Amino acid sequence: MGTLGGILFTGQQALLAHQTALQVTGQNIANANTPGYSRERAELVSAPSSFTNILRSGVNVEEITRAYDRFITAQINVASSNQQSTQTQADLLGQVESLVNDLNTPATGISGALNTLFNDFNNLAQNPQGLTERNVLVQQGETVADAFHQLTDGLQGVRQQSNGALGDAVTSVNSLTKQLADLNAQIQQREVDPHNHANTLHDQQDVLLKQLSEKVNITSFTTNSGQVTVLLGGGRPLVDGGQFFNLATETDPDDPQRLLVKLQDAQGNGTDVTASIQSGSMHGLIEERDTIVPRLSASLNRLAAQLTTSVNQTHSAGYGLDGTTGIGFFAARQVTGQALAANTGSGILQNASIFDPSQLTLDDYNLKFSRGGPPPTFDIVNATTGATVAASQNYTSGTTFHFAGLAVTLADNGTPPQPGDSFLISTTRDAAKNIAMNAALLTNPRQVAAAQTPNPGDNTNALALAQLHNAKAIDGSTFETSYQTLVARVGAESQQASQLADQRHTALTDLENRRESLSGVSLDEEQVNLIRFQQAYNAAAQFIHIADQLGQTILAMIQ
């Protein structure tokens, strides 16, 4: 049977429990507009009976839980990561699109400059002895070169901007992982009692995880102790308990204009994880820098290289007013070569030059060593098409190899190239950056070759140069069409990225609305709870008052 003390205790428990429930409701109302806040709930349970009393002992607040669905949260993080990646690409593509769009600069853009150049060749054909026409041609040649330089600088600026933003993102990621590790330590201290939930810390944890997923693709899971473990794409840990691992940037030894992202271990050793970053704003930056911009730059370089070759071959076959011949209109094309940083031998690329311009292609080549010898052997592979140009070539230090119009000399500093070593030869790299007028024509425009004979009145070479306007000289297209195709491709990619970013933003918004419907605070619902818990609190207080009256009655009877 119940005692007077038990009645009072039951009332006290009810009073305290509903007071706590009112406090939780007030907490929810106070944080109705707090980003990342998850609605809390006081879990009321009936207190158990004792061995000596069959009546239960009132009510207890067993724990204060938060409305939370880890599956929706994980979906939001994935969707946020994908959306940020696409949005970053869309923003950068918008910048590139404005660079290549000649509508803003119809006279000095590449398309307009090329059109004027060939029209000026035609004007020279109308007056093959004209010095004024030659001066105009030389000036227009410089305009064409400037147009290529301006676009090249613009694309390079986008790459540099991406590198700078990548470094900023790495700093932000490191800050977020440190905060998560600090939260893990706090949660471990706070949740010694499994019923004591550090809900505020868990909310902060979710906010940080979402911010982190916006930067880079992550996988996270919560341990039994409430701590979160965060893995980078590929499974490498970023946060493990109270420990976090920093990201860092490092210059690519094979490309000084490219930053690698490395994950540092506890000893400070870095592992290249650039390829493991597959979503988030960092992926968008890397994709733009390493794929989209280089592809556009490669197309631009091919255009500049073929323009130089075609115009120079035609021009060098003609004669100037002073009878000179064999002179190119533009500065001669250059080839570049490099030994890869991962090579283990001491092989060096001693020379890479053009020995026969008529055989020169727009392709790049790779000299791959397959056997250590003696003598070491290598294959010459067309890096653009993948075709093998020559197989099992014997290597001797200082020997020059000729292929595809190129002369390449390899040597070493005592240790010959080893199996797996590679040497890259590019016939178009930096062609758009380096295109320039022939210095001889700048100082003496009379050497502009309008004739195919020493006769100054001959205009056949100028006509041949003008006809290059309609020649399908590059990949089955004219020079202008080739550039317009590049512009159209950029526009299409920019539009596609923008549309995909909008679609992913819509999907993310839907997921966030689902989370809000579960975890967000409904003021209408909380108002109902206020009334409900207030009435329960008042009833508990009235119950205690009645118990007090019972006690007073008993005392009066005793007296």
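None of these values were measured; they are calculated from a predicted model.

**Q** Requested: an account of the sheet that holds strand β7 (residues 247-252), with residues and values cited.
**A** Ordered by their spatial adjacency, 3 strands build an open sheet running β7-β8-β9, and the pairing between neighbours is antiparallel. Looking at strand neighbours, the two that pair on one side only are β7 and β9 (270-272), the edges of this open sheet. Adjacent strand axes in the sheet meet at a mean angle of 45 degrees when their direction is disregarded. Running over the sheet, helix α4 (residues 131-190) touches β7 and β8 (255-264) and is turned about 15 degrees from β8. This element, helix α6 (residues 281-316), spans β7 and β8 of the sheet and lies at about 150 degrees to β8.

**Q** Quick rundown of the packing of aromatic side chains? Include the residues and the values.
**A** Going through the model one piece at a time under the given rule, you end up with 9 aromatic pairs. When the ring of Phe329 is compared with that of Phe330, the centres are 5.1 Å apart and the planes differ by 90 degrees; the resulting orientation is edge-to-face. Just as Phe329 is buried, Phe330 falls in that class too. With a centroid separation of 5.1 Å and an interplanar angle of 45 degrees, the aromatic rings of Phe369 and Phe378 are classed as tilted. Here the basic side chain of Arg66 rests over the ring of Tyr68, its NZ or CZ set 4.1 Å away from the ring centre.

**Q** How would you summarise the layout of surface pockets if you had to cite specific residues and measurements?
**A** Size it by volume and the largest pocket reaches roughly 1200 Å³. Going through the elements one at a time, α4, β8, α6, β10 (336-339) and β17 (422-426) are the ones with two or more residues in the lining of the largest pocket. For the lining of the largest pocket, the element with the highest residue contribution is α6, accounting for 9 residues. Space inside the second largest pocket adds up to approximately 720 Å³. Together, 33 residues line the second largest pocket, and Tyr68, Arg70, Phe221, Thr222 and Val228 are the ones closest to its centre. Elements that contribute at least two residues to the lining of the second largest pocket include exactly α2 (70-100), α5 (199-215) and β3 (218-222). It is α2 that contributes the most residues to the lining of the second largest pocket, 8 residues altogether.

**Q** Hey, could you go over the nonpolar core for me, with residue numbers and the actual values?
**A** Judged by nonpolar contacts, the single largest core of 82 residues is most densely connected at Phe148, Leu247, Met282 and Leu307. Tallying contributions element by element places α4 first for this core, with 18 residues. Each residue touching Met282, except ones within four places of it in the same chain, is listed here: Leu166, Ala169, Val170, Val173, Lys215, Val216, Leu247, Val261 and Ile277. One finds Val335, Tyr365, Ala390 and Tyr395 within the second-largest nonpolar core, a separate group that totals 16 residues.

About the thresholds
Residues numbered from 1 in each chain as written. Predicted model: local features only at pLDDT ≥ 70, side-chain atom pairs only at ≥ 80, totals over all residues. Heavy atoms only, no water. Pairing = 2+ DSSP bridges. Helix = DSSP H or I, 4+ residues; strand = E, 2+ residues; numbered from the N terminus. Axes fitted to C-alpha atoms, helices over the stretch in contact; angles between N-to-C directions. Contact = heavy atoms within 4.5 Å. Phe/Tyr/Trp six-rings, centres within 6.5 Å; stacked < 30°, edge-to-face > 60°. Buried < 20%, exposed > 50% of the residue type's maximum accessible area, 1.4 Å probe, protein only. Lys NZ or Arg CZ within 6 Å of the ring centre and 35° of its normal. 1 Å grid on protein atoms, 1.4 Å probe; cavity = no way out; pocket = protein on both sides within 12 Å on 5 of 7 lines; lining within 4 Å. Points joined across faces, edges and corners; volume = space filled by probe spheres on them. Core = buried A, V, L, I, M, F, W, Y, C linked by side-chain atoms within 4.5 Å.

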